[in-house]
Amino acid sequence: MLLRNITLEEFGAYRGKQSLDLTVKKSKPIILIGGLNGCGKTTLLDAIQLALYGPRARCSGRGSKAYETYLRESINRQHDPARGSSVTLEFTVTVDGKEHYYRVVRSWHVNGKTLKEFLNVSVDENYVTKPGRRTQPELKYSRLLSEGWADYVEDLLPLEVASLSFFDGEKIESLADPERAASVIESAVHSLLGVSTVQQLRTDLLALQRRQKLSDEEQHLMDNIRAQEHERESVQEQLDVAEQDSKHQDALLKNARHKLESLEREFQNEGGGLFERRLEIEQERKRADERLAELRLSLAQVAAGPLPLLMMRTHLKDVRKQARREQSAAEAGQVLDVLEKRDQWLLDLLPEDARDTITKRLEEDRGKRSKSSVLKVDFALPHDALAQLTVLDEVLVRDEARASELLALVAAAAEELDQLDRQLAGVPEQSKVEDLQKKRAAQLKELARMEATVARGRERAAELKRRRANVEAALERAHKEFVRTKVKAEEVERIIKYSEKARGTLERFGEALLQRHISRLEVAVLQSFKDLMRKRGLVQDLRIAGDFRLTLTDSQGDTIDPGRLSAGERQILAVSLLWGLMKVAGNRLPSVIDTPLGRLDSRHREHLVDRYFPQASDQVLLLSTDEEIDEYLLGRLKKSVAHTYTLVHDDTTFTTNVVEGYWWNEGALHVAR
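Residues numbered from 1 in each chain as written. Predicted model: local features only at pLDDT ≥ 70, side-chain atom pairs only at ≥ 80, totals over all residues. Heavy atoms only, no water.

Colleague: Requested: an account of helix 15 (residues 567-585), with residues and values cited.
Modeller: Since the α-helix advances by 3.6 residues per turn, residues separated by three or four positions end up pointing in the same direction. With 19 residues, helix 15 extends 27 Å between its outermost C-alpha atoms, agreeing within 8% with the 27 Å of an ideal straight helix rising 1.5 Å per residue. Across the 19 residues that make up helix 15, a large majority, 16, are buried. (Helix = DSSP H or I, 4+ residues; strand = E, 2+ residues; numbered from the N terminus. Expected span 1.5 Å × (residues − 1). Buried < 20%, exposed > 50% of the residue type's maximum accessible area, 1.4 Å probe, protein only.)

Colleague: Quick one: what's the story with the packing of aromatic side chains, residue by residue and with numbers?
Modeller: In total, this model carries 8 aromatic pairs according to the counting rule given. Taking 6.5 Å as the distance between ring centres and 50 degrees as the angle between the ring planes, the aromatic pair formed by F91 and W149 counts as tilted. Of this pair, F91 sits in strand 4 (residues 85-95) while W149 sits in helix 4 (residues 149-156), placing them 58 residues apart in sequence. A residue is classified by how much of its surface remains accessible, and F91, at 1% relative accessible area, is buried. With relative accessibility at 1%, the residue W149 sits in the buried group. One aromatic cluster in this structure is built from F91, Y102, W149 and Y152. Here the guanidinium or amino end of R77 rests over the ring plane of F654, the centre of that ring lying 5.7 Å away. (Phe/Tyr/Trp six-rings, centres within 6.5 Å; stacked < 30°, edge-to-face > 60°. Lys NZ or Arg CZ within 6 Å of the ring centre and 35° of its normal.)

Colleague: Describe the environment of R466, with residues and values.
Modeller: Mapped onto the fold, R466 is located in helix 14 (residues 430-532). For the pair formed by R466 and V235, sequence separation is 231 residues and the distance between their alpha carbons is 9.8 Å.

Colleague: So what about the environment of A227? Which residues, and what values?
Modeller: Inspection of the secondary structure assignment puts A227 in helix 8 (residues 217-269). Taking C-alpha positions, A227 is 9.0 Å from L475, a pair spaced 248 residues apart along the chain.

Colleague: Which residues make up unusual backbone geometry, and what values go with them?
Modeller: Excluding glycine, residues mostly carry a negative phi; peptide bonds, for their part, are mostly trans. Despite not being glycine, E10 has its phi angle at roughly 55 degrees, a positive value. Its place among the elements puts E10 in strand 1 (residues 2-11). Using a relative accessible area of 7% as the deciding quantity, one classes E10 as buried. Within the chain, F654 stands out as a residue other than glycine whose phi angle is a positive 55 degrees. Taking the relative accessible area as the measure of exposure, F654 reaches 47% and is therefore partly exposed.

Colleague: Help me get a handle on helix 1 (residues 41-53), residues and values and all.
Modeller: Across its 13 residues, helix 1 extends 19 Å between first and last C-alpha, which sits within 8% of the 18 Å expected from 1.5 Å per residue. Summarising burial for helix 1: 11 of the 13 residues are buried, a large majority. Those residues of helix 1 that sit buried are K41, L44, L45, D46, A47, I48, Q49, L50, A51, L52 and Y53. Backbone geometry just downstream of helix 1 places G54 in the positive-phi region, at approximately 60 degrees.

This is a description of form; function is not addressed.
Right, dumping it as structure tokens:
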């Protein structure tokens with residue numbers, strides 16, 4: 001885990017928005033942050049823990065205060081509480097060789113009498129860093145992480161482990177106490193070094209064993225199978241009875257239909273059909289008689305017109321011929337008058353010697369025409385007689401067609417009327433069919449009742465078949481479940497057997513792992529202590545007992561009481577313990593150290609600067625005063641420093657600003673104004 005950036009906005013003494021770039025390089029793992037007492041170094045350490053853990057954070061300024069009270073008091077006093085404060089922490093975590101980039105923003109503001117807190121987590125799960133330059137992460141808001149962050153952060157950095165990674169140098173002296181050291185060592189070994197994972201596996205296996213017990217499940221399944229089989233037998237018996245009853249009812253229904261058919265035939269033979277249709281036939285005869293009368297009236301109306309002239313077709317032909325002759329004679333007489341005038345006009349135009357011949361010929365022509373204009377018989381017919389005769393022909397054709405149609409309809413209507421009269425004549429007397437009619441009506445009711453009974457029987461049989469199918473399906477499921485239970489019983493026995501073996505193996509593995517870690521931790525802490533101590537021969541050996549108590553021995557093999565150590569030596573011992581833990585854990589967590597060199601003499605300070613800080617972890621944040629890491633120690637530490645900052649406090653406004661650089665280089669020359 002590597003911290004990338006932290007931004008404080010109106011948090012504590014930090015006015016406005018203050019950001020610190022926390023990225024480091026492999027050869028430069030240190031971020032040096034300088035500040036006088038009261039400038040906000042511890043506030044910065046609290047901000048990191050607050051962003052990650054919220055109400056569970058072990059902030060130095062909180063004490064016994066309620067979390068809401070602590071957040072209210074953390075808003076910068078010159079800032080509007082309604083606009084609130086926020087802490088943003090960015091960091092990367094490598095999981096299965098893939099780097100994930102996280103941004104956690106915890107903000108809060110006062111709304112009336114209540115305080116509202118918000119947590120937004122964004123992540124880039126495919127963050128890739130390129131050698132020589134930084135890349136911007138493609139962060140996406142994760143609702144799932146934001147809502148479940150309290151649990152998720154425990155997987156990334158457990159709170160108990162964080163207390164070993166983020167610490168106050170002046171307060172870690174208490175770790176030199178055997179009781180306190182034992183508690184820290186036990187917590188670190190179990191959570192930081194993975195021993196708790198082995199114990200959790202053993203607990204999970206025990207829970208698995210307890211869950212695998214079958215209790216009375218098999219007996220319950222057998223009872224269920226028997227109940228289903230009994231139900232199936234009962235349904236089958238009912239179905240057999242229903243089907244037998246249905247067959248009997250079908251036979252009765254068949255006989256009833258045969259009886260009804262016999263009555264129907266007898267009824268029809270007695271003329272029952274005509275008797276039932278008597279009124280209908282009488283109505284039909286009345287309508288047929290009325291229709292025949294209407295047709296005869298229409299035929300009389302047609303006959304009242306020129307239709308009778310059809311009997312004089314020959315005479316009408318003679319009249320037509322006479323009309324043509326009279327018309328031709330009239331036309332010839334008109335032509336003679338015209339020709340006479342024309343002939344005279346022509347003769348006047350001819351010479352005298354030619355007139356006689358022409359005159360003779362013209363007279364012969366007129367004579368012939370004059371003969372055609374003279375009729376032996378002249379009826380003096382009108383001049384439009386031919387046109388009148390043509391119209392008369394058309395009317396006669398139409399009336400003849402209409403008369404033929406009416407005659408056919410009259411014949412059909414008369415035939416229909418005769419048939420209806422014959423049917424009425426064949427209708428029997430009521431006394432002959434009344435008894436048969438009653439018997440037939442009674443048989444119809446009996447047939448309807450029996451059909452309803454048969455339908456109910458069939459529906460009953462169908463319902464029983466559906467019930468039988470459902471029971472058989474349930475019985476099949478019960479048999480399968482019983483088979484699965486048998487298989488599960490064998491599997492449960494196998495799981496319990498091998499779980500017990502696995503628990504025993506894990507127990508032995510956990511003990512071996514614990515002993516291995518303790519052995520490695522003893523070597524790492526002792527080596528760290530020797531590297532940091534000015535008195536190299538003070539402690540010869542260091543042991544961690546089964547109860548995790550720390551024991552120091554001198555060169556004579558005598559136990560050293562931690563109370564005999566000076567305050568600085570106890571602080572060195574505590575630092576060595578934390579350093580050893582980080583070494584065994586693989587330096588995969590950042591170390592944030594507040595007041596790193598308090599109570600130490602110059603030699604011990606040099607040892608920490610030269611040997612501990614550059615190697616304490618892959619990332620080390622040092623929160624120091626000007627008297628701890630002074631200009632001299634800065635020179636010895638500078639080659640391992642990636643960034644330097646100075647916390648500049650204004651005593652008039654009681655606010656702090658972050659300035660790049662340290663006191664004795666490009667940083668602020670004066671930190672108090």
